Amino acid sequence: MKTKGQESRKTAPASARSAGGARAAGLRSRAKAVRAAEPPRKKYWPYALALAGMLIAAFEVYGPSLNGPFLFDDNYLPFSVPNFPLDALRAWLAGVRPLLMFSYWINYRISGLETGSYHAFNVLFHAANAVLIFLITLKLLDFAGVERRRRDILAGFAGALFLFHPVNSEAVGYVASRSENLSVLFFFTAFAVFLYRRSTAISWVRAAGVLALFAAAALTKEHTVVLPALLLLTDYFWNPPFSFQGIRRNWRLYAPVVISAAALGMFLLRKLRGAETAGFAIKDLTWYQYFITECRAFWVYIRLFLFPAGLDIDYDFPISHSLLEHGAIFGLVAIVAAVAAAFYYRRQYPLAAYGFFTFLILMAPTSSFIPIKDPVAERRLYLSMIGLLLITLECLRRVDVRQPKWMAAMAAVLLLAAIATNRRNVVWTDAVVLWEDTVAKSPGNARAHFQLAQAYYDRGDYAKVLPQYEKVAQLQKPDDRLFIDWGLAYDQLNQPDQALTKLKQAAAMNPTAHVYSQIGMVYGKQGRNAEALEALARAEQFNPNFEMTYVYRGGVRQNMGDLQGAIKDFRQGLAINPNNQRAAQALVNAEAILRSRP
């Protein structure tokens, strides 16, 4: 039988256990409350997964052009210039776009003249710009009051559409358009740094970062000089909305940036005075003619964004010499009306109004008053497309994009864009394919026919060259360059009389060492040595430092049995250009023949 004390000792531990359990439950409850009060940890793995998928998709979509050759203006880049000191970094950086040239120098060190790394860099820069589009539009959607769950979807759609839009094919598949995607990379990064500041007033450190990135963009391509205007517009629209307070707060940024932009603008104006393809010195194209022409081109760019059909590397777009020519006045009136509507409805549709004014600002350097030889070029949409994307987002923000039907619609748009871009990149795989496509779309474009002729010539399809040169001569007044190339095509077809006729027409227009050396070369191949030597002597008179004169004359003298004279000429050619492989090989052969003689 248990005593009362024993029962007490037995029950005490049970009571203690109950109290301990209550305390433990209380601690667990408090821990849960603390965890509930803490903000949820943001998961970054979906973003990393999306980034990896985006890179894979980008290389797949732009895959056809990854091993494409150097085309069109690519052949004027430093590695294609004769006698350029390829191993001297200082020579690469000596121009007005040193950061662009530095990127090409890196490519050259990686793969020489193999194009793979050049194209891969372009795709990587483009993918980075798509990420920046996502970040920029995400912040602007936040400014516009769009709820978080829809912001990610809308910003993701904007970034993906930029990545896969067919009109961006030129800026990615064309090596020379590196100036677009690399300069825009610096431009968008500067803009993102500006947008993601922690306070309404920018700090000195962040202002310095924006200024440094702005300088990098301008040193890559000059059209990025409009960044200060975009920053001012952004502060007016969003900091706070439709007020100049944000502009006044950010004086520490605008003071140095505006001064830098003004200095760069003055430098560019001086540079453009004597330029042949851009600037106020272009022959037969005034600033006001270019402006009214661009009033029409403005709507072409919007059409290309909405319906990217008929993409063309070299548009046959006629100049408007007056407001009434080609309907330029209607383009101008429509722009003025759109500006008025955007300003009037800026509070009701802030994202669309901001996007429209952004599009205007970013198009201004290339599509307003400064004449450029090409009135329309798809690459000009690369920087300004963000404005049109914002207008698109203004429309989409007014529906529940989380609904399956809208998600499916956006996915379908992206899929169609990716397919169209992949097909468009096929033209960047081969010069003949590119220029046949261009001629089919712009049959009245003389330059396109000339480039197609050159592509046929380089491929050795000389019979197809002649009709293209004939077409060029019909479309524009022939020049000496056309007659020289025309004559060389006849020479390749073993039609020396026709070749000499064209070459002599070129010489009559512009007598140079080049054209007379070609005449001497054709005479020499016919065995008409006296006439060949006479033409080569004239070439030497026009320019004694033209190396090919001595190479051709050495060949003529060798055919005449004058090996000593031939060797002297070959050595003279090598003295002018030690890298002339044709002269070097001819010298080796002539010396070998001379040594074999008894």
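Residues numbered from 1 in each chain as written. Predicted model: local features only at pLDDT ≥ 70, side-chain atom pairs only at ≥ 80, totals over all residues. Heavy atoms only, no water.

Novice: I'm lost on the overall build of the protein chain in this one. Help?
Specialist: When helices and strands are tallied, the protein chain shows 27 helices and zero strands. In terms of overall size, the protein chain is more extended than a compact globule, its C-alpha atoms giving a radius of gyration of 33 Å where 598 residues would be expected to give roughly 25 Å. Projected onto its principal axes, the C-alpha coordinates of the protein chain cover approximately 140 × 75 × 45 Å. Every one of the 598 residues in the protein chain was classed for burial, and the buried ones make up 47%. For the protein chain, the share of sequence-separated contacts (at least 6 apart) that also reach a separation of at least 24 residues comes to 69%. Accessible surface, the protein chain: about 29,300 Å² in total, of which carbon and sulfur atoms supply 61%. Here the protein chain contributes 65 positively and 43 negatively charged side chains, and the mean placements of these two sets differ by 18 Å. (Helix = DSSP H or I, 4+ residues; strand = E, 2+ residues; numbered from the N terminus. Rg over C-alpha atoms; globule rule 2.2 N^0.38 Å. Buried < 20%, exposed > 50% of the residue type's maximum accessible area, 1.4 Å probe, protein only. Contact = heavy atoms within 4.5 Å. Areas by Shrake-Rupley, 256 points an atom, 1.4 Å probe, with all protein chains shown as cover. Lys, Arg positive; Asp, Glu negative; His and termini not counted. Charge placed at Lys NZ, Arg CZ, Asp CG, Glu CD.)

Novice: Teacher, can you tell me more about helix H6 (residues 148-164) here?
Specialist: An α-helix turns once every 3.6 residues. As a result, residues three or four positions apart point the same way. In this model, H6 (17 residues) spans 24 Å end to end at C-alpha, consistent with the 24 Å of a helix rising 1.5 Å per residue. Within H6, twelve of the 17 residues are buried, which leaves it mostly tucked inside the rest of the structure. Among the residues of H6, those classed as buried are Arg150, Arg151, Leu154, Ala155, Phe157, Ala158, Gly159, Ala160, Leu161, Phe162, Leu163 and Phe164. Residues of H6 that are buried make contact with helix H2 (45-61), helix H5 (116-143), helix H13 (287-306), helix H16 (381-396) and helix H17 (404-424). (Expected span 1.5 Å × (residues − 1).)

Novice: Just to check I follow, could you spell out the packing of aromatic side chains for this structure?
Specialist: What describes a pair of aromatic rings is the distance from one ring centre to the other and the angle between the planes of the rings. Enumeration over the complete set of coordinates arrives at 34 aromatic pairs. Here the aromatic rings of Tyr344 and Tyr345 are separated by 4.9 Å at their centres, their planes lie at 85°, and the arrangement is edge-to-face. The exposure class assigned to Tyr344 is exposed, which follows from its relative accessible area of 65%. An aromatic cluster of three or more residues is present, and its members are Phe143, Tyr236, Phe237, Trp238, Phe242, Phe244, Phe298, Trp299, Tyr354, Phe356, Phe357 and Phe359. Geometry around Phe343 places Arg346 over its ring, the cationic atom sitting 3.9 Å from the centre. Between Lys502 and the ring centre of Trp486, over which it is positioned, the NZ or CZ distance is 3.8 Å. (Phe/Tyr/Trp six-rings, centres within 6.5 Å; stacked < 30°, edge-to-face > 60°. Lys NZ or Arg CZ within 6 Å of the ring centre and 35° of its normal.)

Novice: Would you mind going over the pattern of salt bridges with me for this structure?
Specialist: It is possible for side chains bearing opposite charge to pair when their charged atoms get close. Taken as a whole and judged by the stated rule, the model has 25 salt bridges. A salt bridge links Glu147 to Arg150; the nearest nitrogen and oxygen atoms lie 3.3 Å apart. Assessed through its relative accessible area of 29%, Glu147 is described here as partly exposed. The salt bridge partner of Lys221 is Glu180, with a shortest N-O separation of 2.3 Å. Placement of Lys221 in the loop between helix H9 (204-218) and helix H10 (227-238) and of Glu180 in helix H8 (residues 178-195) is noted, with a sequence separation of 41 residues between them. Taking relative accessible area as the criterion, Glu180 reaches 3% and is therefore assigned buried. Linked by salt bridges that have partners in common, Glu147, Arg149, Arg150, Asp400 and Arg402 make up one network. (Salt bridge = Lys/Arg side-chain N within 4 Å of Asp/Glu carboxyl O.)

Novice: Please clarify how a nonpolar patch on the surface should be interpreted in this entry.
Specialist: On the surface, a nonpolar cluster with roughly 220 Å² of combined accessible area is contributed by Leu51, Leu55 and Leu124. As for its placement among the helices and strands, Leu55 is situated in helix H2. A residue is classified by how much of its surface remains accessible, and Leu55, at 30% relative accessible area, is partly exposed. (Patch = residues over 30% accessible without salt bridge, like charges linked within 9 Å, V, L, I, M, F, W, Y side chains within 5 Å.)

Novice: Quick question: what am I supposed to make of H5 here?
Specialist: Here H5 spans 41 Å end to end across 28 residues, near enough to the 40 Å set by a 1.5 Å rise per residue. Counting buried positions along H5 yields 20 of 28 residues, so the element is predominantly enclosed. Note on H5: the residue one or two positions beyond its end, Gly145, has a positive phi of about 85°.

Novice: Would you mind going over the environment of Phe343 with me for this structure?
Specialist: Note on placement: Phe343 falls in helix H14 (residues 328-344). A relative accessible area of 43% places Phe343 in the partly exposed class. In this structure the C-alpha to C-alpha distance between Phe343 and Leu574, which are 231 residues apart in sequence, comes to 67 Å. Excluding residues within four positions of it along the chain, Phe343 makes contact with Tyr236 and Phe357.

Novice: Would you mind showing me how to read the nonpolar core here?
Specialist: Core analysis: the biggest nonpolar cluster contains 102 residues, and Phe187, Phe188, Phe194, Phe237, Leu253 and Tyr354 have the highest contact counts within it. Looking at which element gives the most residues to this core, the answer is H5, with twelve residues. Excluding its chain neighbours within four sequence positions, the residues that come into contact with Tyr354 are Leu140, Phe191, Leu230, Leu233, Thr234, Phe237, Trp238 and Leu390. (Core = buried A, V, L, I, M, F, W, Y, C linked by side-chain atoms within 4.5 Å.)

Novice: Where do I start with the environment of Leu195 in this structure?
Specialist: Along the chain, Leu195 falls in helix H8. For Leu195, a relative accessible area of 3% corresponds to the buried category. Spatially, the C-alpha atoms of Leu195 and Ile136 are 7.4 Å apart, while their sequence positions differ by 59 residues.

Purely geometric numbers; function is a separate question.
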